[in-house]
Each structure stands twice: as structure tokens, then as C-alpha cells.
Amino acid sequence: MSVKSGVHRVVACDCFEPIARCAQNIVNINGFSDVIKVVNKRSDKLTVGSVGCDLERKADLLVAELFDTELIGEGAIGCYRHAAQHLLTSDALLVPSRAKIYCQLVESDSLFSYHQFTDNIEINEHFIIKCPQNVKSCDGSNVLHDIQMNQLKPNEDFIVVSEPEVVFEFEFNNISTLGSKDRKTIEFKTIREVKGPLVLFMWWTTDMDFEGEIVLSCAPFWTYNDSAITSKTIPWRDHWIQAIYYLSANNKRFELKANQTFKVEANRDEYSL
Ligand SMILES: C[S@@+](CC[C@H](N)C(=O)[O-])C[C@H]1O[C@@H](n2cnc3c(N)ncnc32)[C@H](O)[C@@H]1O
């Protein structure tokens, strides 16, 4: 697309050799080998300079897809930080240009049961697994649980407790948003009374253009508040899905009123939330 739009030089890189080889074949077959150079390297190993380097000069356009369901799990933050510092001009355009990670508070007994062992698990009438006390009192893991959220049914599998809130936001050409760690307190406002276990739903969006007019969104269907967008009509996506973060497994029940503030402390490093 870049070449067809008039770009005179493209350098493509992938650190995974079979993908770089495949990219080179595609470039050759499409007759672009004089304009597109494929380099089998990590981006942070690319060299910039006029003689014998991967890039003759810093690039003014970066197109990349380095995301997983958690957005940052494949190391996008460090790659963008390095690119902004070493590979790009200060006015470079980035596609996508920024991303936001969202969370929504929901109440759900059934989803919480993925996180907490029950007293006894009855396999059949002769075989019952008795859960030891130290397992029952374990707080559980705070690692994400990837899930196809559009397969869940609101008011059946869970009840929405808050509007979605932005947890972390990244501008890929702004190093101040690409630190190796961040911490934020998110204040969710309850939109209804809560009497059960709370879990956090998570997804992300990316702005594909600088103005933010073209948004690639992993938001589940109910967040659009639009009856035309349902689990059947929302485009199927399984490259990135959504995730659940569980609160401590010992927080089985919350008693909250509507319009109450529920604070969650969110932490991230370069690879996980
Ligand atoms: C999330 S995948 C992209 C998948 C692709 N969009 C697709 O749909 O098939 C990321 C790709 O970028 C490569 N990659 C990740 N970080 C890189 C880096 N810093 N430099 C070069 N390649 C990288 C990985 O080897 C992988 O092929």
C-alpha cells in the first residue's frame, strides 16, 4: 500500500525467520523487490546510516502490528520506545498512532467460579474431590483469562456494574507514555446495586490514524449501546480477543449501592497488566 501510494523506499523487518522469508517471497512475487527491503532482524537491531545499514535514514512512516490480547504482551512498548528514539523522524506518522486499554466492572458468580475452587467437586456419585483448606483460601492468580467475550450473554452470564473506563493509554510516538512501568487508580462508578463477586472485563482499541477517526476496537458488543450491534453482527475476531482480570479470590461478595465509587489500582510493566 505504501509503495502504491508513492513511497520510494520501504524497509520491512520481522525477527522470525520463516515470516521474513515469506514476506520476501510475497515482495518478489508482487514485483516490489526494488523498493521494499525485507530484513530478518528485531527492529531494535536495525542500523541507520548511509553506507551498509538497514535504513539509509530515519523513517517518516511506521506501520506495525505488535499486539496481543493484553495489547502489550508481545513487547510493543519497548519496540515503540526504541523506534521513536532511534529509527523515526520526530514528525513520523505511525499506524496505529495510539492505543487505549479499557476495563469494565461486572458482577458474575459463574465467571468468578473459574477463579475460586468450590468446596467439593462431584465428578460422579462415587468420586468427589474435596478441596483442601489452603487451596480454598488461595487468593488466586492475577494473570489475565483470555476469553471470547462476545460469546457471553449480558444479564445471564454477568451483569454490567459500571461504564467502561480507560485504564492505560499509549501514544506510540510519545516516549513519556511508553515507560517501563505505570500505576493508576481507576474509579468505577456503580450503575446498580452489587451483591456478588466482581470481575474486570478488559479490551483495547487502537487509533489507526492520527486524528482518531479510524478506530480498530476489540470492545464487546454491549458496550456500543446500539441495538444494531449484537453478538451476531459484530465482526468475528480471534486474533485478539478480550480478557477477564479477577479480583482476589477471597473477595467473594461485595455489597455496594448504586452510584458508589469502587477504586481499582491498576499496575503494568512492559509486558503485562
Ligand atoms: C502480533 S504478530 C503480527 C501478526 C500479523 N499481523 C498477522 O496477522 O499475522 C507480530 C509479528 O512481529 C514480529 N515482531 C515482534 N516484535 C518485533 C520486533 N521488535 N522486531 C521485528 N519483528 C518483531 C513477530 O515475529 C511477529 O511475526
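Residues numbered from 1 in each chain as written. Predicted model: local features only at pLDDT ≥ 70, side-chain atom pairs only at ≥ 80, totals over all residues. Heavy atoms only, no water.

Taking an unreviewed UniProt entry as the reference, the protein is identified by name as Protein arginine N-methyltransferase domain-containing protein belonging to Medioppia subpectinata.

With that settled, the discussion passes to the packing of aromatic side chains. Within the structure shown, the criterion is met by 10 aromatic pairs. Measuring from centroid to centroid gives 4.1 Å for Tyr 80 and Phe 172, while their planes differ by 15°, and the two rings are stacked. One end of the pair, Tyr 80, is in helix H2 (residues 76–87); the other, Phe 172, is in the loop between strand S10 (165–171) and strand S11 (182–189), and 92 residues separate them in sequence. Each member of the pair, Tyr 80 as well as Phe 172, is classed as buried. Judged by centre distance (6.1 Å) and plane angle (10°), the rings of Tyr 102 and Trp 203 are stacked. One end of the pair, Tyr 102, is in strand S5 (residues 98–107); the other, Trp 203, is in strand S12 (residues 198–207), with 101 residues separating them in the sequence. For the pair Tyr 102 and Trp 203, a shared accessibility class is recorded, and that class is buried. Through successive ring pairs, a cluster of aromatic residues spans Phe 67, Tyr 80, Phe 172, Trp 204 and Trp 240. (Phe/Tyr/Trp six-rings, centres within 6.5 Å; stacked < 30°, edge-to-face > 60°. Helix = DSSP H or I, 4+ residues; strand = E, 2+ residues; numbered from the N terminus. Buried < 20%, exposed > 50% of the residue type's maximum accessible area, 1.4 Å probe, protein only.)

Turning our eyes to something else, we now look at the environment of Pro 220. Its place among the elements puts Pro 220 in the loop between strand S13 (215–217) and strand S14 (242–246). A relative accessible area of 0% places Pro 220 in the buried class. When the C-alpha positions of Pro 220 and Phe 117 are compared, they lie 28 Å apart, and in sequence the two are 103 residues distant. For Pro 220, the residues in contact, after removing those within four places along its chain, are Met 149, Asn 150, Trp 203 and Ile 234. (Contact = heavy atoms within 4.5 Å.)

Attention now moves to the UniProt feature "domain: Protein arginine N-methyltransferase" (unreviewed entry) in the protein. If you check UniProt for "domain: Protein arginine N-methyltransferase" (unreviewed entry), the listed places come out as residues 98–251 in our numbering. Strand forms 37% of residues 98–251 and helix 5%; the C-alpha atoms that close the span are 34 Å apart. (UniProt positions renumbered as here; feature names shortened; annotations may be inferred.)

If you look at the biggest cluster of nonpolar residues, it comprises 59 residues, and the most contacted ones within it are Phe 170, Leu 198, Phe 201 and Phe 262. Ranked by residues supplied to this core, first place goes to S12 with 7 residues. Each of domain 1 (9–57) and domain 2 (98–268) accounts for three or more of the residues forming this core. Residues in contact with Phe 262, not counting those within four places in the same chain, are Leu 105, Ile 186, Glu 187, Phe 188, Leu 198, Leu 247, Phe 254 and Leu 256. Val 3, Ala 20, Val 27 and Val 35 belong to the second-largest nonpolar core, a separate cluster that totals 7 residues. (Core = buried A, V, L, I, M, F, W, Y, C linked by side-chain atoms within 4.5 Å. Domains from an automatic or database assignment.)

Looking at the ligand, there are 13 residues lining it, with Asp 14, Ser 43, Glu 65, Glu 74 and Cys 79 nearest. In the model, an oxygen atom of the ligand is placed 2.7 Å from a nitrogen or oxygen of the Asp 14 side chain. With respect to the ligand, the backbone of Ser 43 contributes an N or O atom lying 2.8 Å from a nitrogen atom. Taken by itself the ligand offers 600 Å² of open surface, and the protein chains cover 67% of this. Residue composition of the shell around the ligand, grouped by class: 6 nonpolar, 2 polar and 5 charged. (Near = heavy atom within 4 Å. Polar contact = N/O pair within 3.5 Å; in protein donor to acceptor, adjacent residues only side chain to side chain. Areas by Shrake-Rupley, 256 points an atom, 1.4 Å probe, with all protein chains shown as cover. Nonpolar A, V, L, I, M, F, W, Y, C, P; charged D, E, K, R; others polar.)

Let's shift gears to the state of the cysteines. Enumeration over the complete set of coordinates arrives at 0 disulfides. Here Cys 79 is not cross-linked by a disulfide; its sulfur's nearest cysteine counterpart is in Cys 15, at 8.0 Å. (Disulfide = S-S within 2.5 Å.)

Okay, the environment of Leu 178 next. Here Leu 178 shows up in the loop between S10 and S11. Along the sequence, Leu 178 and Val 160 sit 18 residues apart, while their C-alpha atoms lie 31 Å from each other. With residues up to four places along the chain from it excluded, the contact list for Leu 178 reads Ile 77, Tyr 80, Arg 81, Phe 170, Glu 171, Phe 172 and Arg 268.

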